[in-house]
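Listed below, chain by chain, are the residues.
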Amino acid sequence: MSPFPQRLIDGYRTFASQRLPTEQSRYRELSVRGQSPEVMVIGCCDSRVSPEVIFDAGPGELFVMRNIANLVPVYQPDENAHGVSAALEFAVNVLRVKHIVVLGHAQCGGIRAFVDKIEPLSPGDFIGKWMAMFIKPGEVVEQRSHETMQKFVERIEKAAVFRSLENLMTFPFVRTQVGRGELNLHGAYFGVAEGSLFVLDKDAKEFRSVRDMLQSGE
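Reading the values: the criteria
- Residues numbered from 1 in each chain as written.
- Predicted model: local features only at pLDDT ≥ 70, side-chain atom pairs only at ≥ 80, totals over all residues.
- Heavy atoms only, no water.
- Helix = DSSP H or I, 4+ residues; strand = E, 2+ residues; numbered from the N terminus.
- Buried < 20%, exposed > 50% of the residue type's maximum accessible area, 1.4 Å probe, protein only.
- Contact = heavy atoms within 4.5 Å.
- Areas by Shrake-Rupley, 256 points an atom, 1.4 Å probe, with all protein chains shown as cover.
- Lys, Arg positive; Asp, Glu negative; His and termini not counted.
- Charge placed at Lys NZ, Arg CZ, Asp CG, Glu CD.
- Axes fitted to C-alpha atoms, helices over the stretch in contact; angles between N-to-C directions.
- Left-handed = near helix turned anticlockwise from the far one by under 90°.
- Nonpolar A, V, L, I, M, F, W, Y, C, P; charged D, E, K, R; others polar.
- Pairing = 2+ DSSP bridges.

1. Re the overall build of the protein
Counting its secondary structure elements, the protein contains eight helices and six strands. Going from N to C terminus, the protein has its helices and strands arranged as α-β-α-β-α-β-α-α-α-α-β-β-β-α. Its C-alpha atoms give the protein principal-axis dimensions of about 55 × 50 × 50 Å. Residue burial in the protein is summarised as follows: out of 218 residues, 35% are buried. Partitioning the contacts of the protein with sequence separation of at least 6, the portion at a separation of at least 24 is 65%. Approximately 13300 Å² of the protein is accessible, and the part contributed by carbon and sulfur atoms is 55%. Computing the positive centroid from 25 side-chain charges and the negative centroid from 27, the protein places the two 2 Å apart.

This is the structure in structure tokens:
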């Protein structure tokens, strides 16, 4: 059996000697009291887009669910296993989170695979089947005339956030909590190269730069 990755051993050594001493009491408190995060983040598996890093979150602050292309399926209570739905159910009904953030990002491999219509990577075509739920029956997603491939991909990356927010509302327990004003849904988009963050303005239906918002004092 191959040895445990040295990079992880080195990382834990740094954590144990530098970060843990400053947060030891927090970890002990969490182990006794349990977790009570107010925010759930549904993000992508992409290693470049870590919600805990982007939002500078400490232990116990975020309940994070990551999957290919940060997608939320529609509510479908059947005999199949549903990882995202299970995490969502736990976050809303048990943890009683107050906010759910769908975090999309630039250069998303899942979206690019969908756009490029790549061949299945395995006989099961898990990625293809997963990405297929992004599109409603009969819906056609194509590059617009005079639209560069980069802009097309970015548009679909952001559309995935919109679709996931839409699908969240198909879950009865989400819809109920939102209706009561006890749960808020948000969209965000992370630019990997610049480390930029954009948040969805629901009224304008567009993403706004957080840096610009901070500079304007919003």
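From this point, the discussion proceeds with the structure in view.
2. Topic: the packing of helix 4 (residues 109-116) against helix 6 (residues 149-168)
Contact pair helix 4 / helix 6: the axes reach a minimum separation of 10 Å and the direction vectors enclose 115°. As for how helix 4 packs across helix 6, the hand of that crossing is right-handed. Counting all contacts with helix 4, which are made through I111, R112, F114 and V115, the residues of helix 6 involved are M149, F152, V153, I156, E157 and A160. When grouped by side-chain class, the residues that make up the contact of helix 4 with helix 6 number eight nonpolar, no polar and two charged.

3. Section: the sheet that holds strand 1 (residues 39-44)
Ordered by their spatial adjacency, six strands build an open sheet running 2-1-3-4-5-6, and the pairing between neighbours is mixed. Sheet topology places strand 2 (62-67) and strand 6 (206-209) at the edges, where each strand pairs with a single neighbour. Strand after strand, the sheet turns through a mean of 30° between neighbouring axes, direction not considered. Relative to strand 6, strand 5 (residues 196-201) runs antiparallel, the two being bridged by four bridges. Residue pairing for strand 6: L200 is matched across the bridge by F207. Where helix 3 (residues 83-93) meets the sheet, its contacts fall on strand 1, strand 2 and strand 3 (99-105), and the angle it forms with strand 2 comes to roughly 170°. Each of strand 1, strand 3, strand 4 (184-191), strand 5 and strand 6 touches helix 6; the most contacted strand, strand 4, lies at about 165° to it.

4. Digging into the packing of helix 3 against helix 7 (residues 172-179)
Across the interface, helix 3 lies against helix 7 with an axial gap of 10 Å and an inter-helix angle of 35°. At the point where helix 3 passes helix 7, the crossing takes the left-handed sense. Contacts between helix 3 and helix 7 involve L88, E89, V92 and N93 from the former and F173, V174 and Q177 from the latter. Class assignment for the residues of the contact of helix 3 with helix 7 results in four nonpolar, two polar and one charged.

5. Here's the deal with the pairing of strand 5
Relative to strand 5, strand 4 runs antiparallel, the two being bridged by four bridges. Pairing of G191 across the sheet is with S196, part of strand 5. Joining the antiparallel neighbours strand 4 and strand 5 is a turn of four residues, in which G195 adopts a positive phi near 70°. Where strand 5 hands over to strand 6, the hairpin turn is made up of four residues, of which K205 adopts a positive phi near 55°.

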